[in-house]
Amino acid sequence: MDNNWLRRRALESIYHAKSGHPGGVLSCIDILECLFSSILEYDLNNLDSVHRDRFILSKGHSAPALYAVAAKAGIIDEGRLNGLRKIDHELQAHTHRGATPWVEASTGSLGQGFSFAIGEAHGLKFQNIKNRVYVMIGDGEMQEGEIWEGAMFASHHNLNNLCAIADYNKLQSDDSNENIMGLEPLYDKWKSFGWNVLEIDGHNEDEIINAFKLAKDCSSAPTFIIAHTIKGKGVSYMENVPAWHGSLKLSDDELRDALIELGASKNEVEVAIHGR
Amino acid sequence: MEDKKPILIAKTGDSLREAFGKELTKLSQEYKDVVVLDADIAGGTGVHHFRDKYPNRFIQCGIAEQNMMAMAGGLAATGLIPIVTTFAVFMLRAIEQARLSIAYANMNVKIVASHPGLDVGPDGASAQCLEDLSCFRSIPNMVVISPCDPIEMKQATRAILEYKGPIYMRTGRSDTKRILDDSYNFEIGKGVILRDGIDLTIVACGVEVARSIEAAESLAKDGISARVVNMSSIKPIDSDLLEICSKETGAFVTAEDHSIIGGLGGAVAESLAKSIPSPIEFVGTNDVFGESGEPEELADKYKLTSKHIIKAAKLVLTRKK
């Protein structure tokens with residue numbers, strides 16, 4: 001599983017937007033692809049059906065990853081991807097409910113998508129709707145107090161239809177989690193908050209899909225998947241470099257190098273840079 | 001128009017929070033999608049009535065307002081009508097959640113805040129919210145209302161359930177004066193003239209409406225004819241009515257149990273500045289925090305009583321052209 005096409009399309013959209021957050025996009029995109037291609041139950045022709053699984057990208061700044069995955073799934077038009085962050089365009093920098101199909105919550109302020117997902121999980125259970133709710137959070141996001149408010153609520157109310165995934169790439173905006181405000185011991189923390197906790201390699205398709213299956217089988221608690229990932233995964237000059245969280249702008253040469261490393265032909269690179 | 005004398009029903013009547021809690025419970029038989037979110041304070045907000053009748057629809061969120069507020073957006077996304085309840089001041093704690101997960105996402109959530117203003121009394125400044133109207137009013141998509149008596153509160157409770165979209169509503173802690181009768185008709189976006197007059201218009205909301213009527217009665221004895229408007233809908237505000245009042249009376253006093261910055265007074269001033277400007281005096285707290293004390297003592301110290309409305313009315317008349 002390289003998901004190179006997804007990585008290329010996401011980076012291309014960020015390049016044309018002239019701003020964005022490539023590092024976290026590349027760390028979470030494999031998990032999103034697994035969710036959309038193998039796990040989420042939904043009807044492409046009836047995306048608003050009450051009987052659908054929900055996915056919320058609480059780390060909303062990784063929206064370009066979700067948009068690329070949604071384009072591959074046929075939910076949004078691939079031709080719209082390069083309109084990301086542009087005025088009068090439906091692809092907002094951070095996911096926004098109502099603007100884009102599939103998007104449940106408006107995100108971009110960390111912690112809130114997690115709570116929103118908890119609300120949906122509780123609402124579905126309350127109405128005896130059997131679908132599940134998936135929410136992805138960032139690692140730095142766990143520094144928000146709201147996450148722990150929600151963690152207590154979800155286990156107290158046994159929201160076993162809820163599965164949260166942490167994109168644990170160990171880096172946040174300015175520096176490593178460890179240097180900014182340490183998160184460990186993460187497994188123990190979530191365990192002690194009453195969650196079913198799984199730990200996986202967030203770039204390994206088998207492990208990802210297996211974890212989602214284990215989550216579905218757990219009836220006694222909500223599930224928290226700690227997905228170990230690499231920030232900037234797939235583009236060597238971005239990997240594990242905090243500056244690629246969001247403060248650097250992709251130059252032509254940088255995009256070219258990235259696309260080539262991700263398997264693009266020369267022609268594909270030119271199309272990506274000069275427009276479709 | 002017939003003058004309506006405010007009747008004190010403290011001994012037999014309800015506070016605004018009680019009126020809300022009881023009416024919500026009653027209406028929830030009809031509105032089966034209503035769920036109530038509480039942050040361990042149901043006895044204070046009036047929703048203990050709902051909890052007793054509908055324990056399964058009552059969602060205890062613990063003392064965790066940020067999660068409660070954003071969660072309400074998610075509940076609404078599944079088709080429910082969540083009512084978020086706590087003290088007004090703790091709504092401020094979660095205002096960014098109200099902004100993003102409710103207002104920006106345009107979710108059908110009702111935020112109902114008890115304990116607004118100095119009416120909170122002895123619990124002091126930390127619990128007395130004097131900034132909520134201005135904060136919530138500035139959020140796009142958010143309707144802001146502050147009913148004045150138990151009759152209006154009952155009607156407003158139905159109105160917020162019928163309305164589709166985010167609403168912030170103030171209730172109140174103290175026993176209230178009854179002002180209205182069943183002929184009253186609350187409507188979002190509409191102000192109502194409770195007493196007619198030609199020299200000036202007093203525009204009030206919440207507990208200040210009763211004080212404004214008392215002030216108007218007293219002013220009448222001095223030969224000043226004051227119109228009283230109950231402006232329970234602070235956003236959207238009834239600009240048409242304000243324009244008419246400006247044309248017909250040419251001077252205003254606004255009265256609210258809230259800071260004079262950005263609340264009802266601010267909304268009235270903004271509206272009039274765009275139509276027919278008239279001089280305005282603002283009755284409200286003047287950029288200060290409250291303190292412990294009984295509501296009436298606090299209202300006196302911080303200049304919210306009928307006496308202060310009278311003073312403001314006389315002052316604004318000196319500025320009237």
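Residues numbered from 1 in each chain as written. Chains lettered and ligands numbered in written order. Predicted model: local features only at pLDDT ≥ 70, side-chain atom pairs only at ≥ 80, totals over all residues.

## A look at the overall build of chain B
Secondary structure summary: chain B contains 13 helices and 14 strands in total. Its C-alpha atoms give chain B a radius of gyration of 19 Å, near enough to 20 Å, the size a compact globule of 321 residues would have. Expressed as lengths along the three principal axes of its C-alpha atoms, the size of chain B is roughly 55 × 40 × 40 Å. Scored against the burial criterion, the 321 residues of chain B give a buried share of 62%. (Helix = DSSP H or I, 4+ residues; strand = E, 2+ residues; numbered from the N terminus. Rg over C-alpha atoms; globule rule 2.2 N^0.38 Å. Buried ≥ 20, exposed ≤ 12 C-beta atoms within 10 Å, placed from the backbone.)

## Topic: the interface of chain A and chain B
Contact with chain A, which involves 23 residues of that partner, is made by 23 residues of chain B. Looking at the side of chain A that touches chain B, the elements that each hand over two or more residues are α4 (112-126) and α5 (145-156) of chain A. Per-element tally for the side of chain A that touches chain B: the top contributor is α4 of chain A, with ten residues. For the side of chain A that touches chain B, a count of residues per class yields eight nonpolar, ten polar and five charged. (Contact = placed C-beta atoms within 7 Å. Nonpolar A, V, L, I, M, F, W, Y, C, P; charged D, E, K, R; others polar.)

## Concerning unusual backbone geometry
Residue P185 of chain A follows E184 of chain A across a cis peptide bond; omega there is 0°. Counting through the fold element by element, P185 of chain A comes out in the loop between α6 (177-181) and α7 (186-192). Of note, the amide linkage connecting K235 of chain B to P236 of chain B takes the cis form, showing an omega dihedral of -5°. Residue placement: P236 of chain B occurs in the loop between β12 (233-235) and α10 (239-249). A positive phi angle, close to 55°, is found at N106 of chain B, a residue other than glycine. Residue position: N106 of chain B is located in the loop between α6 (95-104) and β5 (110-114). Residue classification places N106 of chain B among the partly exposed residues on the basis of 18 C-beta atoms within 10 Å.

## Overview of the pairing of strand β4 (residues 196-201) of chain A
Alternating positions in β4 of chain A separate cleanly, N196, L198 and I200 of chain A being buried on one face and V197, E199 and D201 of chain A remaining unburied on the opposite face. Handedness of the crossover joining β4 of chain A and strand β5 (residues 223-228) of chain A through helix α8 (residues 205-217) of chain A is recorded here as right-handed. (Right-handed = clockwise from strand over helix to strand, strands pointing away.)

## Here we look at the sheet that holds strand β6 (residues 143-145) of chain B
Residue and element names in this part refer to chain B. What the seven strands build is an open sheet, ordered β3-β2-β4-β5-β7-β6-β12; its pairing is mixed. The open sheet has two edge strands, β3 (58-60) and β12, and neither has a second partner. Direction aside, neighbouring strands of the sheet carry axes that sit 20° apart on average. Bridge analysis of β6 against strand β7 (residues 167-170) gives three bridges, and the strand direction is parallel. (Pairing = 2+ DSSP bridges. Axes fitted to C-alpha atoms, helices over the stretch in contact; angles between N-to-C directions.)

## Some thoughts on the pairing of strand β4 (residues 81-87) of chain B
Every other side chain in a regular strand lies on the same face of the sheet, so the side chains alternate between the two faces. All names here are of chain B. Counting buried positions along β4 yields seven of seven residues, so the element is predominantly enclosed. Bridge count between strand β2 (residues 34-38) and β4: five bridges; the pairing is parallel. Residue D38 lies in a different strand from β4, and its bridge partner there is T85.

## Considerations on α5 of chain A
Residue and element names in this part refer to chain A. A rise of 1.5 Å per residue sets the reference length of α5, with its twelve residues, at 16 Å; its end C-alpha atoms lie 17 Å apart and thus fit the reference within 8%. Listed in full, the buried residues belonging to α5 are E146, I147, E149, G150, A151, F153, A154 and S155. One or two positions beyond α5, positive phi appears at N158, with a value near 45°. (Expected span 1.5 Å × (residues − 1).)

## Description of the domain arrangement of chain B
Residues and elements named next belong to chain B. What the domain assignment lists for chain B is domain 1 (14-178) and domain 2 (192-319). Look at where the C-alpha atoms of domain 1 and domain 2 centre, and you get two points 25 Å apart. Taken together, the contact between domain 1 and domain 2 spans 27 residues of the former and 31 residues of the latter. Within the residue set of the side of domain 1 that touches domain 2, elements represented by two or more residues are α7 (132-137), β6 and α8 (150-162). Residue composition of the side of domain 1 that touches domain 2, grouped by class: twelve nonpolar, nine polar and six charged. (Domains from an automatic or database assignment.)

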